[in-house]
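What the coordinates show
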Amino acid sequence: MIRIGIVGLGYWGPNLVRCFSELENCKVTAVCDQSHDQLLRITNRFPGVHPVENFETLLDCDMVDAVVIATPTSTHYKLARKALEHDLHVFVEKPLARTSDECRKLVDLANERNRVLFVGHVFLHSAPVLKLRELVQSGELGSINYISSRRLNLGPVRKDVSALFDLAPHDISMMLFLLGQTPESVTCSGLAHLNPGVHDVCNLTMQFAGNKIGMVHVSWLDPRKERVLTVVGDKKMAVYDDLEQEKIKIYDKGIDTAPPSTDFAEFQISYRYGGSYSPWVQEKEPLKAECSDFIRCIDDGDVPHTDGENGFQVTQVLEAAHKSLMQGGYPVRLSAPLSAPFIDAHVAEVLFEK
Ligand SMILES: NC(=O)c1ccc[n+]([C@@H]2O[C@H](COP(=O)([O-])OP(=O)(O)OC[C@H]3O[C@@H](n4cnc5c(N)ncnc54)[C@H](O)[C@@H]3O)[C@@H](O)[C@H]2O)c1
């Protein structure tokens, strides 16, 4: 039985406490928050869980084998490093840290200590995203031209990181997962309206090898909540709307081109209008699937597909995007983009079987 300690019981942490508490092969033994009120709220709901106000006390209490970190992003590196130094397995909410350098240090430390380092890229455990990946990998959508996404809402506004670092990790992680590549370069523009220096609306474009792009629009200032990701292939297109009941819709539409018949003729373009349908996708709470995968990896010694390396890749994109943002939207190249699939085929199999 793996004993879990959860730190950070604000907006998101209680969801993690609930999900881990509902799993059979682990037990939430301790919770930690520097706010007494937050602790009280959780211990009233989950009696029997040991409350602590100080993270060091949690690490030294000898009641946990793994810690789950759901504190603000600016604290992730420091807390995760301390937990790994105590030889604990670590789950860190997205993004893994604020810089790729910090992520690399955490990955190296986890390897050195032979501990699982897991990042909360929750959408990579969601059935619709696994379905999308299946559609991309099977070739049903054809060659992918671009992926675009909109993640908009009125807040919740953060103080320690921009909307880019708060919201875009979800979209970046999905796009890297779907394409099996990291981008070659990134451009980003945005503005800070509420809090000087903390961008509340951003547009990120990732350029991938093979003439593919990924476009992400994030905002804390939009009147309507949107969670939409569109994958445009040259055969079919798929739209994933997380707020709909039928989350994925496939459109059998496209544009075909025929080469010109003479040197001076124009390309022949024909529009293809087919039907649309929603494939069946098994309903499963992504957060619970994510928590379960963390425990499975500790039990089996498996490397999670949302491991520290995956956290590094996403943070590397965020870091390049932030540089571009600071330089007025100039393209920033990534140091070593991956153009080959970086996720083993067996990972997809394990996840699809679940
Ligand atoms: N996966 C998702 O969909 C999702 C959704 C929301 C938030 N998150 C992530 O969860 C994390 C927390 O976000 P939130 O919205 O819950 O933030 P929050 O500000 O509501 O809560 C953070 C809590 O951490 C506590 N805390 C801060 N530093 C601490 C420390 N050193 N020791 C103990 N407690 C400490 C605070 O008292 C607070 O209760 C962030 O990394 C965020 O990106 C993920």
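Residues numbered from 1 in each chain as written. Predicted model: local features only at pLDDT ≥ 70, side-chain atom pairs only at ≥ 80, totals over all residues.

1. Some points on the confidence of the model for the chain
When pLDDT is averaged along the chain, the result is 93; 95% of the residues meet or exceed 70. Every residue in residues 340-354 is under pLDDT 50, and counting partners more than four places away or in other chains gives 11 contacts. (pLDDT = per-residue confidence, 0-100. Contact = placed C-beta atoms within 7 Å.)

2. Re the environment of R158
Structurally, R158 is set in the loop between β7 (144-154) and α7 (163-179). For R158, a count of 18 C-beta atoms within 10 Å puts it in the partly exposed group. In the structure, R158 is positioned 42 residues away from D200 in sequence and 9.0 Å away in space, judged by C-alpha atoms. (Helix = DSSP H or I, 4+ residues; strand = E, 2+ residues; numbered from the N terminus. Buried ≥ 20, exposed ≤ 12 C-beta atoms within 10 Å, placed from the backbone.)

3. Some words on unusual backbone geometry
For the bond running from K94 to P95, omega is -15°, close enough to zero to count as cis. Take P95: it is sitting in the loop between β5 (89-93) and α5 (100-113). Residue P156 is reached from G155 by a cis peptide bond, and omega for that bond is -10°. The residue P156 is located in the loop between β7 and α7 in this model. In this model, D87 sits at a positive phi of 60°, which is unusual for a non-glycine residue. Judged by the 11 C-beta atoms lying within 10 Å of it, D87 is exposed. In the Ramachandran plot, N114 falls in the positive-phi region, its phi being about 55° despite a non-glycine side chain. Relative to the elements of secondary structure, N114 occurs in the loop between α5 and β6 (117-120).

4. Looking at the sheet that holds strand β15 (residues 332-333)
Taken in spatial order, the nine strands of this open sheet run β14-β13-β12-β11-β7-β10-β9-β8-β15, and their pairing is mixed. Either end of the sheet is taken by a strand with one partner, and the two such strands are β14 (268-277) and β15. Pairing of strand β8 (residues 185-191) with strand β9 (residues 201-208), which is carried by seven bridges, proceeds in the antiparallel orientation. Along β9, the bridge assignment pairs V186 with M206. Lying on the sheet, helix α6 (residues 127-138) is in contact with β7, β11 (221-233), β12 (237-241) and β13 (248-258); it crosses β12 at an angle near 170°. (Pairing = 2+ DSSP bridges. Axes fitted to C-alpha atoms, helices over the stretch in contact; angles between N-to-C directions.)

5. Quick notes on the site of the ligand
Taken together, 23 residues lie around the ligand, and G8, G10, Y11, W12 and E93 are the ones closest in. For the shell around the ligand, the per-class residue count stands at nine nonpolar, 10 polar and four charged. (Near = placed C-beta within 6 Å. Nonpolar A, V, L, I, M, F, W, Y, C, P; charged D, E, K, R; others polar.)

6. Considering the domain arrangement of the chain
By domain assignment, the chain separates into domain 1 (2-122 + 292-298) and domain 2 (124-283 + 307-353). Between the C-alpha centres of domain 1 and domain 2 the distance comes to 29 Å. Each side of the interface is counted separately: domain 1 has 21 residues, and domain 2 has 20 residues. Of all the secondary structure elements, the ones that give two or more residues to the side of domain 1 that touches domain 2 are α5 and β6. Counting residues per element, the side of domain 1 that touches domain 2 draws most heavily on α5, at six residues. The class makeup of the residues in the side of domain 1 that touches domain 2 is 13 nonpolar, five polar and three charged. (Domains from an automatic or database assignment.)

7. Details of the packing of helix α1 (residues 13-22) against helix α8 (residues 286-300)
Running from amino to carboxyl end, α1 crosses α8 at an angle of 60°, the nearest separation of the two axes being 9 Å. When the axes of α1 and α8 are compared, the pair comes out oblique. Both α1 and α8 take part in a crossing whose hand is right-handed. Together, N15, L16, C19, F20 and E22 of α1 and L287, K288 and C291 of α8 make up the contact between the two elements. Looking at side-chain class alone, the contact of α1 with α8 contains five nonpolar, one polar and two charged residues. (Parallel < 35°, antiparallel > 145°, perpendicular 65-115°, else oblique. Left-handed = near helix turned anticlockwise from the far one by under 90°.)

8. Notes on the sheet that holds β6
The six strands are arranged β3-β2-β1-β4-β5-β6 in an open sheet whose pairing can be described as parallel. Each of the sheet's edge strands pairs with one partner strand only, and the pair in question is β3 (50-52) and β6. Averaged over all pairs of adjacent strands, the angle between strand axes in this sheet comes to 25°, irrespective of strand direction. With four bridges connecting them, β5 and β6 associate as parallel partners. Bridge assignment links V90 to a residue of β6, and that residue is L117. Here helix α4 (residues 76-85) sits on the sheet and contacts β1 (2-7), β4 (66-69) and β5; the angle it forms with β5, its principal contact strand, is near 170°. Contacts between α8 and the sheet are confined to β1, β2 (26-32), β4, β5 and β6, with β6 contributing the most and set at about 175° to the helix.

9. Details of the pairing of β12
The sheet contact formed by β11 and β12 spans five bridges and is antiparallel. If you follow L229 over to β12, its bridge partner there is Y240. Here β11 folds back onto β12, and the loop between the two strands holds three residues. By the bridge criterion, four bridges tie β12 to β13 in an arrangement that is antiparallel. Each bridged residue has a counterpart across the sheet, and for Y240 the counterpart in β13 is I248. The turn joining β12 and β13, which pair antiparallel and follow one another in sequence, is formed by six residues.

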